[in-house]
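Fold and contact review
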Amino acid sequence: MPYESERRAAIQAVFKGCRLCEAVRSHLLSNETIGKEDGSPVTVADFGVQAVVSRHLAASFPNVPLVGEEDAGLLRQGENALLKEVVVDHVKRITPDQRDHDILEAIDRGSGEGGPKGRFWTLDPIDGTKGFLRGGQYAVALALVEEGEVILGVLGCPNLPLDVRETDGRRGCLFVAVRGEGATMRGLSDTVEQRIEVTKIAQPSEARLCESFESSHSCL
C-alpha cells in the first residue's frame, strides 16, 4: 500500500496525542490555561500534543518538516513556569526519558514554513479548543502534504461516540484517509479498521447533513 510507513507513523503519533488529551482533560486545572495574543485559549494539551506528535514523526521521518500551531516561547517565560512544568509532566507520561529541553525543542520543531512545494506534515494539536475545555468535541488533526496536495490525513476524536446514535456508548474514534485509497475508521482502543464512504442516495431528501458542534460555525 502506498504511504504505508507514513500512515503507520501518523496513526501512532495521533494516538499518542489523543492519550495525552484524555489525561489532561481528566486533570485540567484553571492554571493550566493561558491566552495567546489573539485571545484564543491555549491549554496544556495544545503544547503537549504538538510535543509528542512532533517527536514521534521526527523519529520516523527526520527530514520532513512539521507545520504546527504552537511554539515554546510562552513556556520559556518565567511567569509561565507552572504551565511549563505541567506540560512537561504530561508529555513525559506519554513519552518517558525526555529532558525538559527536548520537549520544548519538539514543540518548536513545528515551525516549518509549508507552502506549495516540497513535503511536510501539518498539525492542529487541538482542533476545537473551546470544545475541549468544556468537555465537548474536538480532534487531533494531522496531515501529510506533498507539492501542495494533502496525501494523507489522520483525525483522532477522543470524545466522539463510535455510534452517533448511541451517545452514551463507547467513545473515541480514529479516522484515516490516503489519497486514492479511500478512508477508514476505528475505535481508538481497537486495531481493526472499517472502510467508510459517502452513502449513495437517489433523492437529496434522503441525505444526512452534518454541521459543526460549534453553533457559531454553522450557517444552517
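Residues numbered from 1 in each chain as written. Predicted model: local features only at pLDDT ≥ 70, side-chain atom pairs only at ≥ 80, totals over all residues. Heavy atoms only, no water.

Focus: the environment of Ser205
Short version of the rule: For the purposes of this entry, the term helix denotes a DSSP run of H or I that reaches at least four residues, the term strand denotes a run of E that reaches at least two, and both are numbered from the N terminus. Burial classes: relative accessible area under 20% of the type maximum marks a residue as buried, over 50% as exposed, and values in between as partly exposed (1.4 Å probe, protein chains only).
Relative to the assigned elements, Ser205 resides in the segment after strand S9 (194-196). When its relative accessible area of 70% is taken as the criterion, Ser205 is described as exposed. In the structure, Ser205 is positioned 46 residues away from Asn159 in sequence and 30 Å away in space, judged by C-alpha atoms.

Some details on the environment of Glu70
For the record, the criterion: Two residues form a contact once any of their heavy atoms are found within 4.5 Å.
Position of Glu70 relative to the elements: it lies in the loop between strand S3 (66-67) and helix H3 (81-94). For Glu70 and Ala51, which are 19 residues apart along the polypeptide, the C-alpha to C-alpha distance reads 9.5 Å. If we skip the residues at most four places from it in the chain, Glu70 touches Lys36, Val42, Asp46, Phe47, Gln50, Ile107 and Pro125.

Brief notes about the packing of helix H2 (residues 44-60) against helix H4 (residues 100-108)
The description of two helices packed together rests on the angle between their axes and the distance between the axes. Threshold: Axis definition: a line fit to C-alpha positions, over the contact stretch in the case of helices; interaxial angles, taken between N-to-C directions, run 0 to 180 degrees. Every angle not falling under 35 degrees, over 145, or within 65 to 115 is termed oblique; those three ranges are roughly parallel, roughly antiparallel and roughly perpendicular. Each residue receives one of three labels: charged for Asp, Glu, Lys and Arg, nonpolar for Ala, Val, Leu, Ile, Met, Phe, Trp, Tyr, Cys and Pro, and polar for the others, Gly being one of them.
Two elements in contact, H2 and H4, have axes separated by 8 Å at closest approach and are oriented at 90°. When the interaxial angle is binned, H2 and H4 end up roughly perpendicular. Mapping the contact onto sequence places Phe47, Gln50, Ala51, Ser54 and Arg55 in H2 and Ile103, Ala106 and Ile107 in H4. Class assignment of the residues belonging to the contact of H2 with H4 gives a composition of five nonpolar, two polar and one charged.

Considering the packing of aromatic side chains
Applied cut-off: Aromatic rings from Phe, Tyr and Trp, with only the six-membered ring used for Trp, were paired whenever their centres fell within 6.5 Å, and each pair was classed as stacked if the ring planes differed by under 30 degrees, edge-to-face if by over 60, and tilted otherwise.
Taken as a whole and assessed by the stated rule, the structure comprises two aromatic pairs. Taking 5.0 Å as the distance between ring centres and 85° as the angle between the ring planes, the aromatic pair formed by Phe132 and Tyr138 counts as edge-to-face. Classification of Phe132 as buried rests on a relative accessible area of 1%. Look at Tyr138 and you get buried, because its relative accessible area is 4%.

So, the sheet that holds strand S8 (residues 182-187)
Selection criterion: Whether two strands pair comes down to DSSP finding at least two bridges between them.
If you trace the seven strands from one edge of the open sheet to the other, you get S3-S4-S5-S6-S7-S8-S9, paired in mixed fashion. Where the open sheet ends on each side, the last strands, each with one partner, are S3 and S9. In the sheet, strand S6 (residues 149-161) pairs with strand S7 (residues 171-178) via seven bridges, with the strands oriented antiparallel. Opposite Leu155, over in S7, you have Phe175 as the bridge partner. Set on the sheet, helix H1 (residues 4-27) makes contact with strand S4 (119-127), strand S5 (139-146), S6, S7 and S8; between it and S6 the angle comes to about 30°. Against the sheet, H2 makes contact with S3, S4 and S5, and its axis sits at roughly 150° relative to S4, the strand it touches most.

Side note on the pairing of S5
Looking along a regular strand, one sees side chains alternate from face to face of the sheet. In terms of burial, S5 is largely enclosed, as eight of its eight residues are buried. In this structure, S4 lies alongside S5, joined through seven bridges in antiparallel fashion. Opposite Asp127, over in S5, you have Ala139 as the bridge partner. Where S5 lies against S6, seven bridges are found, and the strand directions are antiparallel. Looking across to S6, one finds that Val145 is bridged to Val150. In sequence, S5 turns back onto S6 through a hairpin of two residues, with Glu147 there showing a positive phi of about 50°.

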